[in-house]
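Here's the letter readout for the chains.
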Amino acid sequence: MALVIVACTDNKQFTVEGTIEGAQDSTLYLYNQSLSGPELMDSVKLGSDGKFSFKSDAPDAPDFYVLLLHNQIINFSIDSTETVTINAKYPGMGSNYTVTGSDNCEKIRQLALLQQDLQRRAMALERNGSLTQQQRLDSLQTMVNEYKDITTQQYIYVEPQKAYAYFALFQTLGQWNLYERSNPQDMKAFGAVATCWDTYYPEALRTEYLRNIALKGMNEQRAIMARQNTDGLEGKIVNAGLIELQLPDASGNIRTLTELAGKVVLLDFHSFGLKDSAARILELRELYNKYHAQGLEIYQVSIDGDEHFWKQQTEHLPWICVFDPNATSLPSYNVQEVPEFFTIDREGLLQKRSVQMADGVEEEIRRLL
(Lines give C-alpha, C1' and ligand atoms only; values in the text may rest on other atoms or scores of the structure.)
Protein backbone atom coordinates (compact mmCIF):
# COMPACT_ATOMS: atom_id res chain seq x y z
CA MET A 1 0.00 0.00 0.00
CA ALA A 2 1.38 3.39 -0.98
CA LEU A 3 2.39 5.77 1.77
CA VAL A 4 0.47 9.04 1.93
CA ILE A 5 2.62 11.84 3.30
CA VAL A 6 0.75 14.68 4.99
CA ALA A 7 2.55 17.62 6.57
CA CYS A 8 1.06 18.90 9.80
CA THR A 9 0.76 22.55 8.87
CA ASP A 10 -1.83 25.23 8.31
CA ASN A 11 -0.10 26.31 5.10
CA LYS A 12 -1.75 25.76 1.76
CA GLN A 13 -0.62 22.53 0.16
CA PHE A 14 -0.32 20.82 -3.19
CA THR A 15 -0.70 17.13 -3.99
CA VAL A 16 1.05 15.04 -6.62
CA GLU A 17 -0.38 11.55 -6.97
CA GLY A 18 -0.84 8.73 -9.44
CA THR A 19 0.60 5.37 -10.37
CA ILE A 20 3.88 3.98 -11.67
CA GLU A 21 3.20 0.63 -13.36
CA GLY A 22 5.86 -2.07 -13.38
CA ALA A 23 7.87 -0.74 -10.43
CA GLN A 24 6.66 -2.81 -7.48
CA ASP A 25 8.92 -2.64 -4.40
CA SER A 26 10.91 0.25 -5.93
CA THR A 27 11.35 3.57 -4.13
CA LEU A 28 9.94 6.68 -5.74
CA TYR A 29 11.56 9.98 -4.67
CA LEU A 30 10.18 13.51 -4.75
CA TYR A 31 12.72 16.32 -5.23
CA ASN A 32 12.39 20.08 -5.35
CA GLN A 33 14.54 21.45 -8.19
CA SER A 34 15.69 24.55 -6.32
CA LEU A 35 18.11 27.11 -7.74
CA SER A 36 20.82 25.70 -5.48
CA GLY A 37 20.25 22.13 -6.70
CA PRO A 38 17.91 19.16 -6.11
CA GLU A 39 16.52 18.91 -2.57
CA LEU A 40 14.98 15.63 -1.41
CA MET A 41 11.49 16.19 -0.06
CA ASP A 42 10.10 12.67 0.43
CA SER A 43 9.99 9.10 -0.80
CA VAL A 44 7.62 6.14 -0.92
CA LYS A 45 8.03 2.44 -1.61
CA LEU A 46 5.63 1.41 -4.35
CA GLY A 47 3.24 -1.47 -3.84
CA SER A 48 1.83 -3.88 -6.39
CA ASP A 49 -0.71 -1.30 -7.57
CA GLY A 50 2.01 1.32 -8.10
CA LYS A 51 0.02 4.06 -6.39
CA PHE A 52 1.70 7.03 -4.75
CA SER A 53 0.66 10.32 -3.18
CA PHE A 54 2.83 13.17 -1.91
CA LYS A 55 1.65 16.37 -0.22
CA SER A 56 3.71 19.44 0.57
CA ASP A 57 3.42 23.17 1.23
CA ALA A 58 2.47 25.10 -1.91
CA PRO A 59 5.14 27.55 -3.13
CA ASP A 60 4.51 31.30 -3.17
CA ALA A 61 5.60 31.42 -6.82
CA PRO A 62 5.88 28.70 -9.49
CA ASP A 63 8.48 26.10 -8.62
CA PHE A 64 9.79 22.90 -10.15
CA TYR A 65 9.85 19.32 -8.92
CA VAL A 66 11.00 15.89 -10.04
CA LEU A 67 9.78 12.34 -9.50
CA LEU A 68 12.83 10.06 -9.56
CA LEU A 69 12.87 6.27 -9.93
CA HIS A 70 16.04 4.34 -10.80
CA ASN A 71 17.63 7.36 -12.55
CA GLN A 72 14.48 8.02 -14.59
CA ILE A 73 12.72 11.31 -13.97
CA ILE A 74 9.47 13.14 -14.58
CA ASN A 75 9.59 16.94 -14.37
CA PHE A 76 6.59 18.93 -13.21
CA SER A 77 5.76 22.34 -11.77
CA ILE A 78 3.48 23.64 -9.06
CA ASP A 79 1.94 27.10 -9.26
CA SER A 80 -0.24 27.10 -6.17
CA THR A 81 -2.58 24.83 -4.21
CA GLU A 82 -3.43 22.16 -6.74
CA THR A 83 -3.53 18.43 -7.37
CA VAL A 84 -1.45 16.98 -10.18
CA THR A 85 -2.03 13.38 -11.27
CA ILE A 86 0.77 11.53 -13.03
CA ASN A 87 0.38 8.01 -14.40
CA ALA A 88 3.48 6.36 -15.83
CA LYS A 89 4.87 3.02 -16.94
CA TYR A 90 8.29 1.76 -15.91
CA PRO A 91 10.78 1.41 -17.52
CA GLY A 92 10.83 4.46 -19.72
CA MET A 93 8.61 6.48 -17.41
CA GLY A 94 10.29 9.77 -18.39
CA SER A 95 8.63 9.61 -21.80
CA ASN A 96 5.77 7.19 -21.15
CA TYR A 97 3.43 9.06 -18.84
CA THR A 98 0.31 11.22 -18.75
CA VAL A 99 -0.44 14.19 -16.54
CA THR A 100 -3.76 15.79 -15.59
CA GLY A 101 -4.79 18.64 -13.32
CA SER A 102 -2.26 21.18 -14.60
CA ASP A 103 -1.84 22.76 -18.02
CA ASN A 104 1.67 23.83 -16.99
CA CYS A 105 2.65 20.24 -16.27
CA GLU A 106 1.19 19.04 -19.57
CA LYS A 107 3.23 21.67 -21.43
CA ILE A 108 6.33 20.62 -19.50
CA ARG A 109 5.67 17.02 -20.56
CA GLN A 110 5.48 18.14 -24.19
CA LEU A 111 8.72 20.12 -23.86
CA ALA A 112 10.46 17.13 -22.25
CA LEU A 113 9.43 14.92 -25.18
CA LEU A 114 10.71 17.50 -27.67
CA GLN A 115 14.03 17.65 -25.84
CA GLN A 116 14.30 13.84 -25.72
CA ASP A 117 13.59 13.63 -29.44
CA LEU A 118 16.30 16.20 -30.14
CA GLN A 119 18.71 14.20 -27.98
CA ARG A 120 17.96 10.97 -29.88
CA ARG A 121 18.42 12.63 -33.27
CA ALA A 122 21.66 14.27 -32.15
CA MET A 123 23.04 10.90 -31.01
CA ALA A 124 22.02 9.27 -34.32
CA LEU A 125 23.75 12.07 -36.18
CA GLU A 126 26.93 11.57 -34.19
CA ARG A 127 26.93 7.86 -35.11
CA ASN A 128 26.47 8.57 -38.84
CA GLY A 129 29.85 7.67 -40.27
CA SER A 130 28.93 8.78 -43.78
CA LEU A 131 29.06 12.44 -42.78
CA THR A 132 32.09 14.64 -42.18
CA GLN A 133 32.46 16.34 -38.81
CA GLN A 134 31.50 19.69 -40.34
CA GLN A 135 28.40 18.16 -41.94
CA ARG A 136 27.40 16.71 -38.57
CA LEU A 137 27.89 20.07 -36.88
CA ASP A 138 25.88 21.89 -39.54
CA SER A 139 23.05 19.34 -39.32
CA LEU A 140 23.07 19.55 -35.52
CA GLN A 141 22.82 23.35 -35.64
CA THR A 142 19.87 23.07 -38.01
CA MET A 143 18.10 20.67 -35.64
CA VAL A 144 18.75 22.92 -32.65
CA ASN A 145 17.46 25.97 -34.53
CA GLU A 146 14.29 24.08 -35.50
CA TYR A 147 13.81 22.99 -31.90
CA LYS A 148 14.16 26.56 -30.65
CA ASP A 149 11.79 27.89 -33.31
CA ILE A 150 9.13 25.48 -32.00
CA THR A 151 9.74 26.15 -28.31
CA THR A 152 9.87 29.93 -28.64
CA GLN A 153 6.84 30.35 -30.87
CA GLN A 154 4.62 27.62 -29.40
CA TYR A 155 5.63 27.83 -25.74
CA ILE A 156 7.84 30.69 -24.52
CA TYR A 157 6.19 33.64 -26.28
CA VAL A 158 2.67 32.24 -25.90
CA GLU A 159 2.56 32.70 -22.11
CA PRO A 160 5.96 33.94 -20.90
CA GLN A 161 4.63 34.38 -17.35
CA LYS A 162 3.99 30.64 -17.01
CA ALA A 163 6.21 28.01 -15.41
CA TYR A 164 6.51 26.04 -18.63
CA ALA A 165 8.01 29.07 -20.43
CA TYR A 166 10.67 29.30 -17.72
CA PHE A 167 11.25 25.53 -17.96
CA ALA A 168 11.79 25.77 -21.73
CA LEU A 169 14.62 28.27 -21.33
CA PHE A 170 16.76 25.86 -19.32
CA GLN A 171 16.56 22.73 -21.46
CA THR A 172 19.88 21.17 -22.38
CA LEU A 173 21.45 18.99 -25.05
CA GLY A 174 23.98 16.89 -23.21
CA GLN A 175 25.97 19.36 -21.14
CA TRP A 176 25.11 22.35 -23.34
CA ASN A 177 22.35 24.85 -22.68
CA LEU A 178 20.06 25.17 -25.70
CA TYR A 179 19.33 28.82 -24.92
CA GLU A 180 22.54 30.83 -24.61
CA ARG A 181 23.50 34.33 -23.49
CA SER A 182 25.74 34.64 -26.55
CA ASN A 183 22.73 34.37 -28.88
CA PRO A 184 20.77 37.65 -29.33
CA GLN A 185 17.55 35.82 -30.22
CA ASP A 186 17.86 33.64 -27.14
CA MET A 187 18.31 36.72 -24.98
CA LYS A 188 15.05 38.13 -26.33
CA ALA A 189 13.34 34.99 -25.03
CA PHE A 190 15.03 35.37 -21.64
CA GLY A 191 14.01 39.03 -21.60
CA ALA A 192 10.37 38.26 -22.38
CA VAL A 193 10.09 35.72 -19.57
CA ALA A 194 12.05 37.89 -17.13
CA THR A 195 9.79 40.88 -17.78
CA CYS A 196 6.61 38.87 -17.21
CA TRP A 197 7.94 37.24 -14.05
CA ASP A 198 8.87 40.71 -12.78
CA THR A 199 5.22 41.63 -13.16
CA TYR A 200 3.61 38.48 -11.75
CA TYR A 201 6.22 37.29 -9.20
CA PRO A 202 8.44 40.30 -8.37
CA GLU A 203 9.72 38.87 -5.06
CA ALA A 204 10.51 35.34 -6.25
CA LEU A 205 14.11 34.12 -6.25
CA ARG A 206 13.63 32.73 -9.74
CA THR A 207 12.58 36.19 -10.93
CA GLU A 208 15.80 37.68 -9.59
CA TYR A 209 17.72 34.87 -11.29
CA LEU A 210 16.03 35.65 -14.62
CA ARG A 211 16.68 39.38 -14.23
CA ASN A 212 20.37 38.76 -13.70
CA ILE A 213 20.61 36.49 -16.72
CA ALA A 214 18.74 38.95 -18.94
CA LEU A 215 20.79 41.97 -17.88
CA LYS A 216 24.11 40.14 -17.96
CA GLY A 217 23.30 38.71 -21.35
CA MET A 218 22.35 42.14 -22.64
CA ASN A 219 25.64 43.61 -21.42
CA GLU A 220 27.60 40.73 -22.95
CA GLN A 221 25.89 41.38 -26.27
CA ARG A 222 26.82 45.04 -26.04
CA ALA A 223 30.45 44.09 -25.37
CA ILE A 224 30.60 41.73 -28.34
CA MET A 225 29.06 44.26 -30.68
CA ALA A 226 31.31 47.03 -29.38
CA ARG A 227 34.42 44.94 -30.05
CA GLN A 228 33.18 44.20 -33.56
CA ASN A 229 32.40 47.88 -34.13
CA THR A 230 28.90 46.85 -35.18
CA ASP A 231 25.88 49.11 -35.48
CA GLY A 232 23.14 48.46 -32.92
CA LEU A 233 19.42 48.87 -33.32
CA GLU A 234 19.52 52.61 -32.72
CA GLY A 235 23.10 53.38 -33.64
CA LYS A 236 26.59 52.38 -32.71
CA ILE A 237 27.22 50.34 -29.58
CA VAL A 238 29.55 52.58 -27.65
CA ASN A 239 30.69 50.30 -24.83
CA ALA A 240 29.94 47.11 -22.95
CA GLY A 241 26.89 48.42 -21.18
CA LEU A 242 25.18 50.92 -23.44
CA ILE A 243 23.38 51.08 -26.76
CA GLU A 244 23.50 54.52 -28.36
CA LEU A 245 20.22 56.29 -29.00
CA GLN A 246 19.97 59.01 -31.66
CA LEU A 247 16.57 60.70 -31.49
CA PRO A 248 15.24 64.21 -32.22
CA ASP A 249 14.22 66.75 -29.62
CA ALA A 250 11.40 69.29 -30.06
CA SER A 251 13.66 71.52 -32.19
CA GLY A 252 14.61 68.67 -34.49
CA ASN A 253 18.12 68.37 -33.09
CA ILE A 254 19.45 64.82 -32.76
CA ARG A 255 20.28 64.10 -29.13
CA THR A 256 22.44 61.13 -28.10
CA LEU A 257 23.34 59.31 -24.92
CA THR A 258 27.06 59.64 -25.61
CA GLU A 259 26.85 63.43 -25.40
CA LEU A 260 26.10 62.94 -21.69
CA ALA A 261 29.44 61.28 -20.90
CA GLY A 262 30.61 62.20 -17.42
CA LYS A 263 27.09 62.58 -16.06
CA VAL A 264 24.84 60.16 -14.20
CA VAL A 265 21.92 59.56 -16.55
CA LEU A 266 18.39 58.45 -15.86
CA LEU A 267 17.26 56.91 -19.16
CA ASP A 268 13.49 57.11 -19.08
CA PHE A 269 11.00 55.54 -21.51
CA HIS A 270 7.64 57.25 -21.19
CA SER A 271 4.28 58.05 -22.75
CA PHE A 272 2.58 61.31 -21.84
CA GLY A 273 -0.75 59.75 -22.72
CA LEU A 274 -0.62 57.48 -19.67
CA LYS A 275 -3.11 58.09 -16.89
CA ASP A 276 -0.42 58.64 -14.25
CA SER A 277 1.92 60.66 -16.47
CA ALA A 278 1.45 63.96 -14.67
CA ALA A 279 2.28 62.49 -11.24
CA ARG A 280 5.33 60.77 -12.63
CA ILE A 281 6.63 63.93 -14.30
CA LEU A 282 6.34 65.71 -10.95
CA GLU A 283 8.50 63.00 -9.35
CA LEU A 284 11.11 63.37 -12.10
CA ARG A 285 11.11 67.15 -11.63
CA GLU A 286 11.85 66.67 -7.94
CA LEU A 287 14.76 64.37 -8.70
CA TYR A 288 16.10 66.67 -11.41
CA ASN A 289 15.90 69.80 -9.27
CA LYS A 290 17.56 68.03 -6.36
CA TYR A 291 20.47 66.37 -8.18
CA HIS A 292 21.04 68.10 -11.53
CA ALA A 293 23.68 70.43 -10.08
CA GLN A 294 25.56 67.37 -8.81
CA GLY A 295 25.69 65.79 -12.27
CA LEU A 296 22.31 64.13 -12.93
CA GLU A 297 20.77 64.33 -16.40
CA ILE A 298 17.52 62.80 -17.62
CA TYR A 299 17.23 61.49 -21.17
CA GLN A 300 13.52 60.89 -21.68
CA VAL A 301 12.24 58.92 -24.68
CA SER A 302 8.58 59.52 -25.53
CA ILE A 303 6.68 56.93 -27.59
CA ASP A 304 3.55 59.08 -27.96
CA GLY A 305 2.19 59.01 -31.50
CA ASP A 306 1.02 62.62 -31.67
CA GLU A 307 4.01 64.93 -32.10
CA HIS A 308 2.04 68.11 -31.42
CA PHE A 309 0.73 66.67 -28.13
CA TRP A 310 4.24 65.58 -27.16
CA LYS A 311 5.68 69.03 -27.83
CA GLN A 312 2.98 70.63 -25.67
CA GLN A 313 3.71 68.24 -22.80
CA THR A 314 7.48 68.71 -22.91
CA GLU A 315 7.68 72.44 -23.70
CA HIS A 316 8.66 73.45 -20.18
CA LEU A 317 10.59 70.37 -19.07
CA PRO A 318 14.25 71.14 -18.24
CA TRP A 319 15.77 67.78 -19.21
CA ILE A 320 16.43 66.15 -22.59
CA CYS A 321 13.15 65.04 -24.21
CA VAL A 322 13.29 63.06 -27.46
CA PHE A 323 10.58 61.70 -29.73
CA ASP A 324 10.22 58.06 -30.85
CA PRO A 325 6.65 57.65 -32.14
CA ASN A 326 7.28 54.18 -33.59
CA ALA A 327 8.93 52.93 -30.38
CA THR A 328 11.94 51.67 -32.35
CA SER A 329 14.24 52.22 -29.37
CA LEU A 330 12.35 49.92 -26.99
CA PRO A 331 13.80 46.59 -28.22
CA SER A 332 17.33 47.94 -27.73
CA TYR A 333 16.75 47.94 -23.97
CA ASN A 334 14.26 45.07 -23.84
CA VAL A 335 11.45 47.40 -22.80
CA GLN A 336 8.12 45.58 -22.92
CA GLU A 337 5.97 48.37 -21.50
CA VAL A 338 6.27 51.96 -20.33
CA PRO A 339 7.07 53.66 -18.10
CA GLU A 340 10.47 52.01 -17.67
CA PHE A 341 13.81 53.50 -16.66
CA PHE A 342 17.50 52.69 -16.31
CA THR A 343 20.51 54.27 -14.65
CA ILE A 344 23.79 54.91 -16.47
CA ASP A 345 26.96 55.80 -14.58
CA ARG A 346 29.50 58.51 -15.35
CA GLU A 347 31.59 56.04 -17.36
CA GLY A 348 28.65 55.45 -19.67
CA LEU A 349 27.94 51.96 -18.37
CA LEU A 350 24.40 50.70 -17.98
CA GLN A 351 23.84 49.94 -14.30
CA LYS A 352 20.29 48.92 -13.33
CA ARG A 353 16.76 48.84 -14.61
CA SER A 354 13.81 49.82 -12.44
CA VAL A 355 13.07 46.38 -10.97
CA GLN A 356 16.62 46.09 -9.63
CA MET A 357 16.47 49.29 -7.61
CA ALA A 358 15.38 47.74 -4.32
CA ASP A 359 16.01 50.96 -2.38
CA GLY A 360 14.38 53.20 -4.98
CA VAL A 361 15.61 55.29 -7.88
CA GLU A 362 16.71 58.22 -5.71
CA GLU A 363 19.02 56.05 -3.63
CA GLU A 364 20.47 54.56 -6.80
CA ILE A 365 21.13 58.02 -8.23
CA ARG A 366 22.76 59.13 -4.96
CA ARG A 367 25.02 56.06 -5.10
CA LEU A 368 26.17 56.81 -8.63
CA LEU A 369 26.72 60.50 -7.99
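This text follows the structure it describes.
Here's a quick rundown of the structure. (Residues numbered from 1 in each chain as written. Predicted model: local features only at pLDDT ≥ 70, side-chain atom pairs only at ≥ 80, totals over all residues. Heavy atoms only, no water.)

### As for the overall build of the protein chain
Here is step 1 of the chain: The secondary structure content of the protein chain amounts to eight helices and 20 strands.
Here is step 2 of the chain: In terms of overall dimensions, the protein chain has a C-alpha envelope of 80 × 65 × 35 Å along the principal axes.
Here is step 3 of the chain: Burial status across the protein chain gives 49% buried among its 369 residues.
Here is step 4 of the chain: A separation of at least 24 residues holds for 58% of the contacts in the protein chain among residues at least 6 apart in sequence.
Here is step 5 of the chain: Of the accessible surface of the protein chain, which amounts to about 18500 Å², a share of 47% is contributed by carbon and sulfur atoms. (Helix = DSSP H or I, 4+ residues; strand = E, 2+ residues; numbered from the N terminus. Buried < 20%, exposed > 50% of the residue type's maximum accessible area, 1.4 Å probe, protein only. Contact = heavy atoms within 4.5 Å. Areas by Shrake-Rupley, 256 points an atom, 1.4 Å probe, with all protein chains shown as cover.)

### Details of the packing of helix 1 (residues 103-127) against helix 2 (residues 133-156)
Here is step 1 of the chain: Running from N to C, helix 1 and helix 2 point in directions that differ by 170°, and their axes come no closer than 10 Å. Regarding the angle of helix 1 to helix 2, the classification is roughly antiparallel. For the pair helix 1 and helix 2, the contacting residues are K107, Q110, L111, L114, Q115, L118, R121, A122, L125 and E126 in the first and R136, S139, L140, M143, V144, E146, Y147, I150, T151 and Y155 in the second.
Here is step 2 of the chain: Its residues assigned to classes, the contact of helix 1 with helix 2 comprises 11 nonpolar, four polar and five charged. (Axes fitted to C-alpha atoms, helices over the stretch in contact; angles between N-to-C directions. Parallel < 35°, antiparallel > 145°, perpendicular 65-115°, else oblique. Nonpolar A, V, L, I, M, F, W, Y, C, P; charged D, E, K, R; others polar.)

### What to know about the sheet that holds strand 7 (residues 72-78)
Here is step 1 of the chain: As summarised here, the arrangement of the four strands in space is 4-3-6-7, forming an open sheet in which the pairing is antiparallel. The sheet is open, and its two edges are formed by strand 4 (37-45) and strand 7, each paired on a single side. Here the average twist between neighbouring strands, direction ignored, is 25°.
Here is step 2 of the chain: One ladder, built from four bridges, connects strand 3 (residues 27-34) with strand 6 (residues 63-69); its direction is antiparallel. From the neighbouring strand, Y31 faces strand 6, where its bridge partner is V66.
Here is step 3 of the chain: Set on the sheet, helix 1 makes contact with strand 6 and strand 7; between it and strand 7 the angle comes to about 145°. (Pairing = 2+ DSSP bridges.)

### Some details on the pairing of strand 6
Here is step 1 of the chain: In terms of burial, strand 6 is largely enclosed, as seven of its seven residues are buried.
Here is step 2 of the chain: Burial along strand 6 is two-sided: the face carrying D63, Y65, L67 and L69 and the face carrying F64, V66 and L68 are both buried.
Here is step 3 of the chain: Linking strand 6 to strand 7, which pair antiparallel, is a turn of two residues; within it H70 sits at a positive phi near 50°.

### A few points about the nonpolar core
Here is step 1 of the chain: Ranked by size, the top nonpolar core spans 33 residues in total, and within it I156, L169, L178, Y179, F190, V193 and L210 carry the most contacts.
Here is step 2 of the chain: Breaking this core down by element, the ones donating at least two residues are helix 1, helix 2, helix 3 (163-169), helix 4 (184-200) and helix 5 (205-227).
Here is step 3 of the chain: A per-element tally of this core places helix 3 first, with seven residues.
Here is step 4 of the chain: Ranked by size, the runner-up nonpolar core spans 23 residues in total, among them F52, L67, I78 and I86. (Core = buried A, V, L, I, M, F, W, Y, C linked by side-chain atoms within 4.5 Å.)

### A short note on the packing of helix 6 (residues 277-291) against helix 8 (residues 361-368)
Here is step 1 of the chain: Contact pair helix 6 / helix 8: the axes reach a minimum separation of 11 Å and the direction vectors enclose 20°. Relative to helix 8, the element helix 6 is oriented roughly parallel. For the crossing formed where helix 6 meets helix 8, the hand is right-handed. Contact residues: L287, K290 and Y291 in helix 6; V361, E362, I365 and R366 in helix 8.
Here is step 2 of the chain: Broken down by class, the residue content of the contact of helix 6 with helix 8 amounts to four nonpolar, no polar and three charged. (Left-handed = near helix turned anticlockwise from the far one by under 90°.)

### Things to note about the sheet that holds strand 16 (residues 264-270)
Here is step 1 of the chain: Strand order in the open sheet made by the five strands is 18-17-16-19-20, with mixed pairing throughout. Lying at the two open borders of the sheet, with one neighbouring strand each, are strand 18 (320-323) and strand 20 (350-353). When the angles between neighbouring strand axes are averaged without regard to direction, this sheet yields 20°.
Here is step 2 of the chain: Here helix 6 sits on the sheet and contacts strand 16, strand 17 (296-302) and strand 19 (340-344); the angle it forms with strand 17, its principal contact strand, is near 155°.
Here is step 3 of the chain: Running over the sheet, helix 8 touches strand 16, strand 17, strand 19 and strand 20 and is turned about 165° from strand 20.

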